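Given next are the chains, with one letter for each unit.
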Amino acid sequence: GAVVSQHPSRVICKSGTSVKIECRSLDFQATTMFWYRQFPKKSLMLMATSNEGSKATYEQGVEKDKFLINHASLTLSTLTVTSAHPEDSSFYICSAMRQLSPYEQYFGPGTRLTVT
Amino acid sequence: DAKTTQPTSMDCAEGRAANLPCNHSTISGNEYVYWYRQIHSQGPQYIIHGLKNNETNEMASLIITEDRKSSTLILPHATLRDTAVYYCIVRRSGGGSNYKLTFGKGTLLTVNP
């Protein structure tokens, strides 16, 4: 299957700082990527849809000014958690969608964010 | 997108077939059934998807009932590495931002030695 990478895999930051997470589709172009977060023992919750060359679409209840998304190329989307707080500690996962049939989504390995 | 119902957990003996059920009684005619799995602390992995015909690939088989209101994912010879949470999701096929996946709680499959 296709490969999607995320960087970093783990990050620890202090409260009030910002953290950037990268999501790359390594062997296909993705005009659409998705960002999810997952709390312990919970399912994945979609945060936003990242569209190459346009503004991201955020799910209800997700603050767009706190979770900045940039999708500047067909293979890279970034999520920046601004002014992080301990409650932002979570597992962040991205996915990239193939633009050709059968339109599968391929997921990255996830980024574990811990805010102290 | 239609919602799905899956058992919370299942157990299976190593080497035996694992049959994971999913109910999707409100599925629409243009919605596909997708299966993903998530091994602990990893990103989800695509397994298989189908519309109305049964499907098989190197990982699993998908059996969809004739009325499309339920389906079963079959792992023919489960191994310990198949222990994971399995998600059944219905979604319209196609690209673009309208075709997002909505994850439910899934089924925790535990394969025992």
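Just above, that's the structure.
Residues numbered from 1 in each chain as written. Chains lettered and ligands numbered in written order. Predicted model: local features only at pLDDT ≥ 70, side-chain atom pairs only at ≥ 80, totals over all residues. Heavy atoms only, no water.

A.B. asks: I'd love a proper account of unusual backbone geometry, names of residues and values included.
C.D. replies: All names here are of chain A. Residue Pro8 is reached from His7 by a cis peptide bond, and omega for that bond is 0°. For Pro8, the location among the structural elements is in the loop between strand 1 (4–7) and strand 2 (10–13). The phi dihedral of Lys41 is positive, around 65°, even though this residue is not glycine. On the basis of relative accessibility, which here comes to 87%, the residue Lys41 falls in the exposed class. Not every positive phi belongs to a glycine, and Ser83 is a case in point at roughly 45°. (Helix = DSSP H or I, 4+ residues; strand = E, 2+ residues; numbered from the N terminus. Buried < 20%, exposed > 50% of the residue type's maximum accessible area, 1.4 Å probe, protein only.)

A.B. asks: Quick rundown of the layout of surface pockets? Include the residues and the values.
C.D. replies: The volume enclosed by the largest pocket comes to roughly 600 Å³. Every residue lining the largest pocket is counted, 21 residues in all, and those nearest its centre are Gln38, Lys41 and Lys42 of chain A together with His40 and Val85 of chain B. Looking at the lining of the largest pocket, the element that brings in the most residues is strand 8 (residues 84–92) of chain B, giving three residues. Residue composition of the lining of the largest pocket, by class: eight nonpolar, nine polar and four charged. (1 Å grid on protein atoms, 1.4 Å probe; cavity = no way out; pocket = protein on both sides within 12 Å on 5 of 7 lines; lining within 4 Å. Points joined across faces, edges and corners; volume = space filled by probe spheres on them. Nonpolar A, V, L, I, M, F, W, Y, C, P; charged D, E, K, R; others polar.)

A.B. asks: Any details on the packing of aromatic side chains? Residues and values, ideally.
C.D. replies: For the coordinates displayed, the defined rule picks out ten aromatic pairs over all chains. With 5.0 Å between their ring centres and 85° between their planes, Tyr87 of chain B and Phe103 of chain B make a pair best called edge-to-face. You can see Tyr87 of chain B sitting in strand 8 and its partner Phe103 of chain B sitting in the loop between strand 8 and strand 9 (107–112), a full 16 residues away along the chain. What makes Tyr87 of chain B buried here is its relative accessible area of 2%. The class of Phe103 of chain B is buried, set by a relative accessible area of 8%. An aromatic cluster of at least three residues, connected via ring pairs, comprises Tyr36 and Phe107 of chain A together with Tyr36, Tyr46, Tyr87 and Phe103 of chain B. (Phe/Tyr/Trp six-rings, centres within 6.5 Å; stacked < 30°, edge-to-face > 60°.)

A.B. asks: With reference to specific residues and values, describe the pattern of salt bridges.
C.D. replies: Pairs may arise between side chains of opposite charge once their charged atoms sit close together. Scanning the entire structure with this criterion turns up four salt bridges over all chains. One salt bridge connects Arg24 of chain A with Glu22 of chain A, and the closest N-O pair in it is separated by 3.5 Å. The exposure class of Arg24 of chain A is partly exposed, given its relative accessible area of 34%. Between Glu59 of chain A and Lys100 of chain B there is a salt bridge, and its shortest N-O distance comes to 3.0 Å. Taken together, the residues span two chains, with Glu59 of chain A in the loop between strand 6 (57–58) and strand 7 (67–73) and Lys100 of chain B in the loop between strand 8 and strand 9. For Glu59 of chain A, a relative accessible area of 22% corresponds to the partly exposed category. A relative accessible area of 27% places Lys100 of chain B in the partly exposed class. (Salt bridge = Lys/Arg side-chain N within 4 Å of Asp/Glu carboxyl O.)

A.B. asks: Let's hear about the interface of chain A and chain B: which residues, and what values?
C.D. replies: If you look at the interface, chain A gives 22 residues, while chain B gives 22 residues. Approximately 1600 Å² of surface area, both sides summed, lies buried where chain A meets chain B, with 56% of it carried by carbon and sulfur atoms. Across the chain A-chain B interface, the total number found is one salt bridge. In terms of residue count, the dominant contributor to the side of chain A that touches chain B is strand 4 (residues 32–38) of chain A (four residues). The class makeup of the residues in the side of chain A that touches chain B is eleven nonpolar, eight polar and three charged. (Contact = heavy atoms within 4.5 Å. Buried area = accessible area lost by both parts, 1.4 Å probe.)

A.B. asks: Hey, could you go over the nonpolar core for me, with residue numbers and the actual values?
C.D. replies: Ranked by internal contacts, the top residues of the largest apolar core, which has 25 residues, are Val4, Phe28, Trp35, Leu79, Tyr92 and Leu113 of chain A. Counting only elements with at least two residues in this core, the list comes to strand 2, strand 3 (19–25), strand 4, strand 5 (45–51), strand 7, strand 8 (76–81), strand 9 (90–97) and strand 11 (111–115) of chain A. Those residues in contact with Tyr92 of chain A that lie beyond four places of it in its chain are Gln6, Ile21, Tyr36, Arg37, Met47, Phe67, Leu79, Gly110, Thr111 and Leu113 of chain A. Counting 21 residues, the second-largest nonpolar core is a separate cluster that includes Leu20, Ile27, Ile48 and Leu73 of chain B. (Core = buried A, V, L, I, M, F, W, Y, C linked by side-chain atoms within 4.5 Å.)

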